[in-house]
Amino acid sequence: MSTSTSSQPLVHPAGNARLLWTVLATVAVLSLLTYLVAFDQGAVSRSGLYLHELMHDGRHLLGVPCH
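No experiment lies behind these values; they were computed from the predicted model shown.

Calculation criteria
- Residues numbered from 1 in each chain as written.
- Predicted model: local features only at pLDDT ≥ 70, side-chain atom pairs only at ≥ 80, totals over all residues.
- Heavy atoms only, no water.
- Helix = DSSP H or I, 4+ residues; strand = E, 2+ residues; numbered from the N terminus.
- Buried < 20%, exposed > 50% of the residue type's maximum accessible area, 1.4 Å probe, protein only.
- Areas by Shrake-Rupley, 256 points an atom, 1.4 Å probe, with all protein chains shown as cover.
- Contact = heavy atoms within 4.5 Å.
- Patch = residues over 30% accessible without salt bridge, like charges linked within 9 Å, V, L, I, M, F, W, Y side chains within 5 Å.
- Salt bridge = Lys/Arg side-chain N within 4 Å of Asp/Glu carboxyl O.
- Expected span 1.5 Å × (residues − 1).
- Arc of directions from axis to C-beta.

Caption draft 1: Fine view of the overall build of the protein chain. When helices and strands are tallied, the protein chain shows two helices and zero strands. By the burial criterion, 16% of the 67 residues in the protein chain qualify as buried. Of the accessible surface of the protein chain, which amounts to about 5,900 Å², a share of 68% is contributed by carbon and sulfur atoms.

Put into structure tokens, the structure is as follows:
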């Protein structure tokens, strides 16, 4: 009976690092969007009325109280 052993790992470490950074970047972007829509109340979006109205409509769409 012969047994074959592999000296290579089953999962490549660089793939895990890339996946980790992708997940962290996705969480960061979603956290920023959640802040802008739910909690901003115009602090960041004072530069233009269009962005303020877009975030305001997003609050209504998600059911976040804003008035």
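Caption draft 2: Quick look at the side chain of His56. By the element assignment, His56 lies in helix H2 (residues 49-62). A relative accessible area of 16% places His56 in the buried class. Beyond its immediate chain neighbours, meaning those up to four positions away, His56 contacts Cys66 and His67.

Caption draft 3: Structural detail: a nonpolar patch on the surface. Taken together, the side chains of Leu19, Val23 and Val27 define a hydrophobic patch exposed on the protein surface, amounting to about 260 Å² of accessible area. For Val23, the location among the structural elements is in helix H1 (residues 13-39).

Caption draft 4: Fine view of H2. In this model, H2 (14 residues) spans 20 Å end to end at C-alpha, consistent with the 20 Å of a helix rising 1.5 Å per residue. Along H2, the residues classified as buried are Met55, His56, Gly58 and Arg59. The buried residues of H2 all sit within an arc of 155 degrees when viewed along its axis, so they share a single face. Of the exposed residues in H2, the ones pointing more than 90 degrees away from its buried face are Leu49, Tyr50 and Leu61. Just downstream of H2 lies Gly63, where phi reads positive at about 80 degrees.

Caption draft 5: Structural context of the environment of His67. Mapped onto the fold, His67 is located in the segment after H2. By relative accessible area, which is 78% here, His67 ends up exposed. Once the C-alpha coordinates of His67 and His56 are considered, the two residues, eleven residues apart in sequence, prove to be 9.8 Å apart. Discounting residues that sit within four places of it in the chain, His67 has contacts with His56 and His60.

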